[in-house]
Amino acid sequence: MQSILLCLIPLFPALAALVLGLLPLKDNSRRIHLAAGIAMAVNFALCVWLMFLGDAEVVLFSLGENLPIALRSDLTGRLFLLLCGGMWLNSGVFSFGYLPHEGHEQRYFIFYLLTIAAINAICLSATLVTMYLFFELMTLLSMALVVHNMSKEAVAAGIKYLLYSIAGAMMGLFGIFVFSTQMASPYFVAGGAIAEGSPLILWATLITVIGFATKAGMFPMHGWLPTAHPIAPAPASAVLSGVITKMGVLCVVRVLFFTVGAANLRGTFVQTVLLILALCTVFMGSMMAFKTTGFKKRLAYSTVSQVSYILFGLFLMTPQAFAGAVEHMYFHSIMKNALFLCAGAVILKTGSTEVSQLRGMGKRMPLTMWCFTIAGLGLVGVPPLSGFFSKWDLAQGSLSSGIAVFSWLGPVVLLISALLTAGYLLPISIDAFFPGHAHGETLAEEPRCEVGAVMAIPLLVLTVLNFVLGMFPGALNSAANALAALLM
């Protein structure tokens, strides 16, 4: 049963996409939404089902004697899979209200389902080569989401996304070539499959991590993200930020903790360089978000910063910091999905794309702006919202790491970034609800334009999750600590 389910989870969305492409729907939005909605709901149900089953493994085929293409259900894969399936479903439901004005809904959902099929396979990959093949497939399929409206700007953003992604993947492929000659087994091994970290292994690790971290937006390979995220349709922006960046994080986890091993990397120049890059990205992303006036572009730069919180926790290679990174991966995905979907709702209903145009928006779209505000407070790290808990573990993990300079520099940079996050998100909410007397008089002539139930429900779900996981983080914390204990 487990082997069948392992094959079904990546296969089902791909088959659903094929069926959706063959159906003679003739741009019938209701039927397209029904078919896509059923497919996404079943995909999420399969992900939840797998959480209750034990570890399993299945070999699909082999490219050679030591190159199996295999899937495996382990705790790491299941945690990522559950997050991806849930966020994909949530943003997909929001798309039902957003996409009719964009057009080409059938094409969008075909690629939307194909992309989650590739993501499912990445989460369940049992070897580096399997992960790499589906990682490249995800890049090609998700490009269609970026260029959906086929404008000149969208095509340019898609090309930039593709070039950065291919460059990062080639760096990753170099590492796979090197690692494959030193690994005791082609399969991932908790704690590492390489016995000793030679200079070649260390340099290959540095190059490989930077390459895969391209998807996570880590400096110096972050340039695609502030271009691609704002130009894509809002639901696509949400999953690009909340899900696809996490595939970069997953690949980094697989390289550091399942291939090379933390024991071979602690105290080396590789760890030092990666920590520097992560902290530079945290600070740079926050500063760029603070300076940027475009609504979605500000959120995109915020993603550059916030995902590197996760990478910083991984690079510390201590149990508490690792657990904090896993927690922040979940919390950031929830909060950033909410922020991008709120931005999409505002743009759809009012056409406002600049931060300066959002003054008084709280009176016109109160539900949307309240959801935006709560997600923003969570991203800052205000208790009892979810972001506080993960940032606490990250800071505590850094302070207890004993790594010279970084043990105190990490919390300092995280605090500065939190202040900058407050500086670029909270003024939007303040201006939205308290526009000032003179501006408030003009709002009386502007009608309310709140989103309908189809778009409101995903926003409310994410907002409730932000509260609930902040108040009751125990289950996620236990899973993150169990995974940290297994790998450390």
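Residues numbered from 1 in each chain as written. Predicted model: local features only at pLDDT ≥ 70, side-chain atom pairs only at ≥ 80, totals over all residues. Heavy atoms only, no water.

Examining the overall build of the protein chain
On a plain count of helices and strands, the protein chain comes out with 19 helices and 2 strands. Its C-alpha radius of gyration of 22 Å places the protein chain within 12% of the 23 Å reference for a compact globule of 488 residues. Each principal axis of the C-alpha atoms in the protein chain carries an extent, and together these give about 70 × 60 × 40 Å. Out of the 488 residues in the protein chain, the part that is buried amounts to 61%. Sequence separation of 24 or more characterises 81% of the internal contacts of the protein chain that already satisfy a separation of 6 or more. Carbon and sulfur atoms provide 70% of the accessible area of the protein chain, an area that totals close to 17,400 Å². Distance between charge centres in the protein chain, computed from 23 positive and 18 negative side chains, equals 4 Å. (Helix = DSSP H or I, 4+ residues; strand = E, 2+ residues; numbered from the N terminus. Rg over C-alpha atoms; globule rule 2.2 N^0.38 Å. Buried < 20%, exposed > 50% of the residue type's maximum accessible area, 1.4 Å probe, protein only. Contact = heavy atoms within 4.5 Å. Areas by Shrake-Rupley, 256 points an atom, 1.4 Å probe, with all protein chains shown as cover. Lys, Arg positive; Asp, Glu negative; His and termini not counted. Charge placed at Lys NZ, Arg CZ, Asp CG, Glu CD.)

A short note on the packing of helix H14 (residues 366-380) against helix H18 (residues 453-471)
Close contact between H14 and H18 brings their axes to 10 Å; oriented N to C, the two are set at 30°. Considered as vectors, H14 and H18 are oriented roughly parallel to each other. By crossing handedness, the relation of H14 to H18 is classed as left-handed. Packed against H14, whose contacting residues are Leu367, Thr368, Cys371, Ile374, Ala375 and Gly378, the element H18 presents Ala456, Leu459, Leu460, Thr463, Asn466 and Phe467 at the interface. Residue classes in the contact of H14 with H18 are distributed as 8 nonpolar, 4 polar and no charged. (Axes fitted to C-alpha atoms, helices over the stretch in contact; angles between N-to-C directions. Parallel < 35°, antiparallel > 145°, perpendicular 65-115°, else oblique. Left-handed = near helix turned anticlockwise from the far one by under 90°. Nonpolar A, V, L, I, M, F, W, Y, C, P; charged D, E, K, R; others polar.)

Regarding the pattern of salt bridges
Applying the stated criterion to the full structure yields 4 salt bridges. Between Arg78 and Asp55 there is a salt bridge; the shortest N-O distance is 3.0 Å. Separated by 23 residues along the polypeptide, Arg78 in helix H3 (residues 75-98) and Asp55 in the loop between helix H2 (29-51) and strand E1 (56-62) bring together distant segments of the chain. Relative accessible area serves as the criterion here: at 9%, Arg78 is assigned to the buried category. The exposed category is assigned to Asp55, whose relative accessible area is 55%. Linking Asp431 and Arg359 is a salt bridge whose minimum nitrogen-to-oxygen distance equals 3.6 Å. Separated by 72 residues along the polypeptide, Asp431 in helix H16 (residues 406-433) and Arg359 in the loop between helix H12 (319-350) and helix H13 (361-364) bring together distant segments of the chain. (Salt bridge = Lys/Arg side-chain N within 4 Å of Asp/Glu carboxyl O.)

A few points about helix H4 (residues 105-123)
Taking 1.5 Å as the rise per residue, H4 with 19 residues should run 27 Å; its terminal C-alpha atoms sit 27 Å apart, in good agreement. A large share of H4 lies buried, amounting to 16 of its 19 residues. (Expected span 1.5 Å × (residues − 1).)

Regarding the pairing of E1
Alignment of E1 against strand E2 (residues 68-73), held across 6 bridges, turns out to be antiparallel. Pairing of Glu57 across the sheet is with Arg72, part of E2. Here E1 folds back onto E2, and the loop between the two strands holds 5 residues. (Pairing = 2+ DSSP bridges.)

Structural notes on the nonpolar core
Membership of the largest hydrophobic core comes to 171 residues, with the highest contact counts inside it found for Phe109, Ile119, Phe257, Leu314 and Phe315. With residues up to four places along the chain from it excluded, the contact list for Phe257 reads Val189, Ala190, Gly191, Gly192, Ala262, Leu314, Met317, Phe322, Leu487 and Met488. (Core = buried A, V, L, I, M, F, W, Y, C linked by side-chain atoms within 4.5 Å.)

Points about the environment of Ile116
The topology assignment puts Ile116 in helix H4. Residues Ile116 and Val239, spaced 123 residues apart in sequence, show a C-alpha to C-alpha distance of 10.0 Å. In this structure, Ile116 is in contact with Pro13, Asn43, Cys84 and Trp88, ignoring residues within four places of it in sequence.

With respect to the side chain of Ser390
Inspection of the secondary structure puts Ser390 in helix H15 (residues 386-399). If near-sequence neighbours (up to four positions away) are discounted, Ser390 is found in contact with Gly324, Glu327, His328 and Phe331.

A few points about H18
In an α-helix there are 3.6 residues to a turn, and that puts residues three or four apart on one side. Between the first and last C-alpha of H18 there are 26 Å, a value that for 19 residues agrees with the 27 Å anticipated at 1.5 Å per step. On its buried face, H18 is in contact with H3, H12, H14 and H15.

A short note on the packing of H4 against helix H5 (residues 128-146)
Interhelical geometry of H4 versus H5 gives an angle of 160° and a closest axis separation of 8 Å. In terms of axis orientation, H4 runs roughly antiparallel to H5. Between H4 and H5 the crossing geometry is left-handed. Residues Tyr108, Phe111, Tyr112, Leu114, Thr115, Ala118, Ile119, Ala121 and Ile122 of H4 form the contact with H5, whose own contacting residues are Met131, Phe134, Phe135, Leu137, Met138, Leu141, Ser142, Ala144 and Leu145. For the contact of H4 with H5, the per-class residue count stands at 16 nonpolar, 2 polar and no charged.

Here we look at the packing of aromatic side chains
One pass over the structure, following the stated rule, counts 14 aromatic pairs. Aromatic side chains Phe96 and Phe109 sit 5.6 Å apart centroid to centroid with 50° between the ring planes, which places their arrangement in the tilted category. Note that Phe96 is positioned in helix H3 and Phe109 in helix H4, a separation of 13 residues in sequence. In this pair, the class of Phe96 matches that of Phe109, namely buried. A centroid spacing of 5.1 Å and a plane angle of 80° characterise the contact between Phe257 and Phe322, whose relative ring orientation is edge-to-face. (Phe/Tyr/Trp six-rings, centres within 6.5 Å; stacked < 30°, edge-to-face > 60°.)

Some points on unusual backbone geometry
The omega torsion of the bond from Phe219 to Pro220 falls at 10°, within 30 degrees of zero and hence cis. Note on placement: Pro220 falls in the loop between helix H7 (199-212) and helix H8 (225-231). Its identity as a non-glycine residue notwithstanding, Met150 has a phi of 60°, on the positive side. Mapped onto the elements, Met150 comes out in the loop between H5 and helix H6 (152-180). Taking the relative accessible area as the measure of exposure, Met150 reaches 51% and is therefore exposed. Not every positive phi belongs to a glycine, and Val405 is a case in point at roughly 70°. Mapping Val405 onto the fold places it in the loop between H15 and H16. Judged by relative accessible area, which is 43%, Val405 ranks as partly exposed.

Shape descriptors only; they carry no functional weight alone.
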